Amino acid sequence: MKMFQRFYPEQACVCQNKQITGEKMELLKVKTIDEMKKIINEKFSHLTLKIEKIAINDGLGRVLANDIIATMNVPHFNRSVVDGYAVKLTDVQGASTAIPGFLRIIGEVQMGTETRIVLNQGETVYVPTGGMVPKGTDAMVMVEYTEKFGDQDLAVYQNVGINENMMLIGDDIRDGETAFNKGHFLRPQDIGVLSALGFLQVEVYKRPCLSIISTGDEIIRPGEMPKPGEVIDINTPALAAVAKRLGANVISISYAKDDFDIILKEVQESLKTSDMVILSGGSSMGEKDYTVKVIDKLGVVLLHGLAVKPGKPTILGIANEKPVIGLPGQPASAIMVFMIILREFMTLYYGQDQFKYQTIQGKLMENVHAAPGRRTFQTVAIKEGQDQIEVMPTHGKSGMITLLSYSDGYIEITENEEGKNCGELVEVTLF
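Residues numbered from 1 in each chain as written. Predicted model: local features only at pLDDT ≥ 70, side-chain atom pairs only at ≥ 80, totals over all residues. Heavy atoms only, no water.

1. Things to note about the packing of helix α6 (residues 260-273) against helix α7 (residues 291-298)
- Contact geometry for α6 and α7: axes closest at 10 Å, N-to-C directions at 55°. Taken as axis vectors, α6 and α7 run oblique relative to one another. Between α6 and α7 lies a crossing of right-handed hand. Residues Phe 260, Ile 263, Leu 264, Val 267, Gln 268 and Leu 271 of α6 pack against Lys 293, Val 294, Lys 297 and Leu 298 of α7.
- Partitioning the contact of α6 with α7 into residue classes produces 7 nonpolar, 1 polar and 2 charged. (Axes fitted to C-alpha atoms, helices over the stretch in contact; angles between N-to-C directions. Helix = DSSP H or I, 4+ residues; strand = E, 2+ residues; numbered from the N terminus. Parallel < 35°, antiparallel > 145°, perpendicular 65-115°, else oblique. Left-handed = near helix turned anticlockwise from the far one by under 90°. Contact = heavy atoms within 4.5 Å. Nonpolar A, V, L, I, M, F, W, Y, C, P; charged D, E, K, R; others polar.)

Below you can see the structure in the form of structure tokens.
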């Protein structure tokens, strides 16, 4: 049986009009991920970050704006890395449990105090971990390999090498040495190094400031009780968290009804104070999707449509020399795409990818299909298998925010692939 579709004359007019006038009735500027990255690096190469001075206690996750040059040696005195006894090599050469070396205890080093003891042949001094070793010391013997006889005699049951169990002046960092280069991302251990070098403050790049505008007549603020047809705002808190994780500051959050003039005004105000403006929702081609029109009014649309799944109705534009990004309203799509785009901007700001995601390899436990021509980001869950990590695709209906919560990360399927096969080794980018 043939199936017929009812045809209306006015439909012919619309189709003909689209072909003749070239109206933007579809996503006309769809770009691949690689093309998007190229656009960002070409059109926004002028973006720079200001510099500010902060206390090192606030330095975690910040990026250094200058090289850090050591102004002292670390350590600045020879110290022991064990609880034990300072010795000369000739006194313990060949020492063992069968033939111990015997030494005379002449003193003890106090923690936090400079010692003026000078070690001579046949003598030893007790030094706690971190204590200053006496002049003349060749090595430290751990207390476990010694035995005291009375208050002044010590048997040593182990041979040691030169400078063993000791840290010498400048072994860690030398005066004048570069401890960290400009652009270094500060981790907890780096804060410790800065403290050891005597730095109380450092100069870092200011974090880029973002404004997020949530659009839609149906959107209500978190905490409000939704009526039928209303939707609690999911995207804004999640997008703000993504921005914070990637090193950006969200300085304003606002809500706008599906009205061109309202959205236009919100974007104009946000551009005055922000380095980047994010619009959530309104990025498709519906009657009330105004994001692309607003960007067209204020600047230039660089792409409308990203060849990815999920997240195709994504917009990137420039206004007042600043990026304006339109994200899909679907939460999972918005979050995934925002991670990708913001990470590229952060790499541009800092000159390198400072916020590397952790990846892990594992065995795919079922087939994953993808449409060629679009980069697919498939969410997955991982678990320990008998011999390797098992990777299981996670699935859910469009709009399910819990889909990302149930997932540990995602795998990428390139534009040239039709999918991944069960049993294939895949790389998972962890959330």
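2. Some remarks on the side chain of Thr 236
- Turning to its location among the elements, Thr 236 is positioned in helix α5 (residues 235-245).
- Thr 236 sits in the buried class, given a relative accessible area of 2%.
- Within the structure, Thr 236 has its side chain in polar contact with the side chain of Asp 233 (distance 2.6 Å).
- Not counting the four nearest positions on each side in its chain, Thr 236 is found in contact with Ile 212, Ser 214, Ile 253 and Tyr 255. (Buried < 20%, exposed > 50% of the residue type's maximum accessible area, 1.4 Å probe, protein only. Polar contact = N/O pair within 3.5 Å; in protein donor to acceptor, adjacent residues only side chain to side chain.)

3. Quick word on unusual backbone geometry
- Cis rather than trans, the peptide bond between Val 74 and Pro 75 has omega equal to -5°.
- Within the fold, Pro 75 resides in the loop between β2 (68-69) and β3 (79-80).
- Here Lys 309 and Pro 310 are connected by a cis peptide whose omega angle stands at 0°.
- Looking at the element boundaries, Pro 310 is found in the loop between β19 (308-309) and β20 (315-319).
- Here the phi dihedral of Asn 165 falls at roughly 65°; this positive angle occurs in a residue that is not glycine.
- For Asn 165, the location among the structural elements is in the loop between β9 (153-156) and β10 (166-167).

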